[in-house]
Amino acid sequence: MVGRVAGKVALVTGAAQGQGRSHAIRLAEEGADIIAIDICEHIESVPYEQGTAEGLGETVKAVEALGRRAVGLRADVRDYDDIARATAEGVDRLGRLDVVSANAGILNFGLLEELEDVQWDDLMDVNLKGVWHTAKAAIPHLRAAGGGSIVLTSSTCATLGMPGIGHYVAAKHGVVGLAKTLAVELGADMIRVNTVNPTNVETAMLMNESVFARFAPDLPPEDRTLDNLMPRFKAPHVLDIGWIDPVDVSNAVLWLASDESRYVSGTSITIDAGHTAQ
């Protein structure tokens, strides 16, 4: 059976773990070759474990185990020259570029009146400027291929206000605006641009003590177990779940990457268990 993205080459940022790894594997399962990119370094303002060089290597191996080609490259999306270099190298090695998943993102916490500049700057530089850099670096290669699909990772936070992560909310609102504008600017080149907007996803960004403390500041650390926290994770959702799996987002990325969505551009696919329906 021919895969839904067979013959395509997809670039995924933040590919060393979490959603990025899942997107790379899901696209590879459906026939794509993968340019997997990650900074593979820890950003000091981030209070949880980030991707590593070893993790990026595991992603590459997982793709290759599916019989697809994979290139793993280290690059910092905050640095345009760096992500442009990695993108060009990946395209040179795999021959073309058809799909981009601008997925790299971070999270840190604080009320807006209390945030340190470094928290704001780090998050905005990765989650908004880094997404723009990734798209900008990819556009000439997509144009050379005759078109393609860019999928930007946003969030349910793109339509909501949420205390303690106002800078994250602002960045994710910005990603949606970026996608809509890019869709208009690139439509003549048959380059489609959309976002995926997930709710809580079971990744390191969610499953860590700093998040647990935010959800349960009234509980001592030893009582912040998943069983105790599950009702709080479920509370915003219509469906009876606390979080979604990375593959649930990857399936939306796959659809937007495939020709099944060939006339879909400038919109958002929300994967949120009904959160934003209320």
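Residues numbered from 1 in each chain as written. Predicted model: local features only at pLDDT ≥ 70, side-chain atom pairs only at ≥ 80, totals over all residues. Heavy atoms only, no water.

- The protein chain is annotated in an unreviewed UniProt entry as NAD(P)-dependent oxidoreductase of Nocardioides immobilis.
- In its Sequence similarities (unreviewed entry) section, the UniProt record describing the protein chain reads: "Belongs to the short-chain dehydrogenases/reductases (SDR) family." (UniProt positions renumbered as here; feature names shortened; annotations may be inferred.)

A closer look at the confidence of the model for the protein chain
- Of all residues in the protein chain, 100% have pLDDT values of 70 or greater, and the mean over the chain is 96.
- Least confident of the elements in the protein chain is helix α6 (residues 209-215), whose mean pLDDT is 89; most confident is strand β1 (residues 9-13), at 99. (pLDDT = per-residue confidence, 0-100. Helix = DSSP H or I, 4+ residues; strand = E, 2+ residues; numbered from the N terminus.)

Focus on the sheet that holds strand β7 (residues 268-271)
- In spatial order, the strands read β3-β2-β1-β4-β5-β6-β7; together these seven strands make up an open sheet with parallel pairing. Single-partner strands in this sheet number two, and they are β3 (70-74) and β7. Ignoring which end each strand starts from, the neighbouring axes of this sheet average 15° apart.
- Bridge count between strand β6 (residues 191-198) and β7: four bridges; the pairing is parallel. Across the sheet, the residue bridging to valine 196 is isoleucine 269, located in β7.
- Contacts from helix α1 (residues 18-29) reach β1, β2 (33-38), β4 (99-102), β5 (148-153) and β6, with the element oriented near 170° to β1.
- Running over the sheet, helix α8 (residues 246-257) touches β4, β5, β6 and β7 and is turned about 165° from β6. (Pairing = 2+ DSSP bridges. Axes fitted to C-alpha atoms, helices over the stretch in contact; angles between N-to-C directions. Contact = heavy atoms within 4.5 Å.)

Brief notes about the environment of alanine 235
- Inspection of the secondary structure puts alanine 235 in the loop between α7 (226-234) and α8.
- Along the sequence, alanine 235 and histidine 275 sit 40 residues apart, while their C-alpha atoms lie 9.1 Å from each other.

Thoughts on the pairing of β3
- As defined by bridge partners, β2 adjoins β3 across five bridges and the pair is classed as parallel. Looking at the pairing, isoleucine 34 lines up with alanine 70 of β3.
- With respect to chirality, the unit in which β2 leads through helix α2 (residues 53-64) into the neighbouring parallel β3 is right-handed. (Right-handed = clockwise from strand over helix to strand, strands pointing away.)

Re the nonpolar core
- The biggest cluster of nonpolar side chains holds 54 residues, and the ones touching the most others in it are Ile35, Ile37, Leu97, Ile150, Leu152 and Val193.
- Taken domain by domain, this core gets at least three of its residues from each of domain 1 (9-200 + 245-269) and domain 2 (207-242).
- Once you skip the residues sitting within four places of it in the chain, leucine 152 turns out to touch Ala102, Val131, Val175, Leu178, Ala179, Val193, Asn194, Thr195 and Val196.
- If you look at the next biggest cluster of nonpolar residues, it comprises 19 residues, including Val12, Ala28, Ile34 and Cys40. (Core = buried A, V, L, I, M, F, W, Y, C linked by side-chain atoms within 4.5 Å. Buried < 20%, exposed > 50% of the residue type's maximum accessible area, 1.4 Å probe, protein only. Domains from an automatic or database assignment.)

Thoughts on the pattern of salt bridges
- Counting across every chain of the model gives 18 salt bridges.
- In this structure, the salt-bridge partner of arginine 4 is glutamate 260, at a minimum N-O distance of 2.9 Å. Here arginine 4, found in the segment before β1, pairs with glutamate 260, found in the loop between α8 and β7; they are 256 residues apart in sequence, far enough to count as distant.
- A relative accessible area of 30% places arginine 4 in the partly exposed class.
- Among the ionic pairs, glutamate 29 bridges to arginine 26, the shortest N-O distance being 3.1 Å. Of this pair, glutamate 29 and arginine 26 both sit in helix α1, separated by three residues, roughly a single helical turn.
- Looking at glutamate 29, the relative accessible area reads 44%, which means it is partly exposed.
- Among the residues examined, arginine 26 registers a relative accessible area of 14% and is labelled buried.
- Several salt bridges converge on common partners, so that one network encompasses Asp82, Arg85, Glu89 and Arg93. (Salt bridge = Lys/Arg side-chain N within 4 Å of Asp/Glu carboxyl O.)

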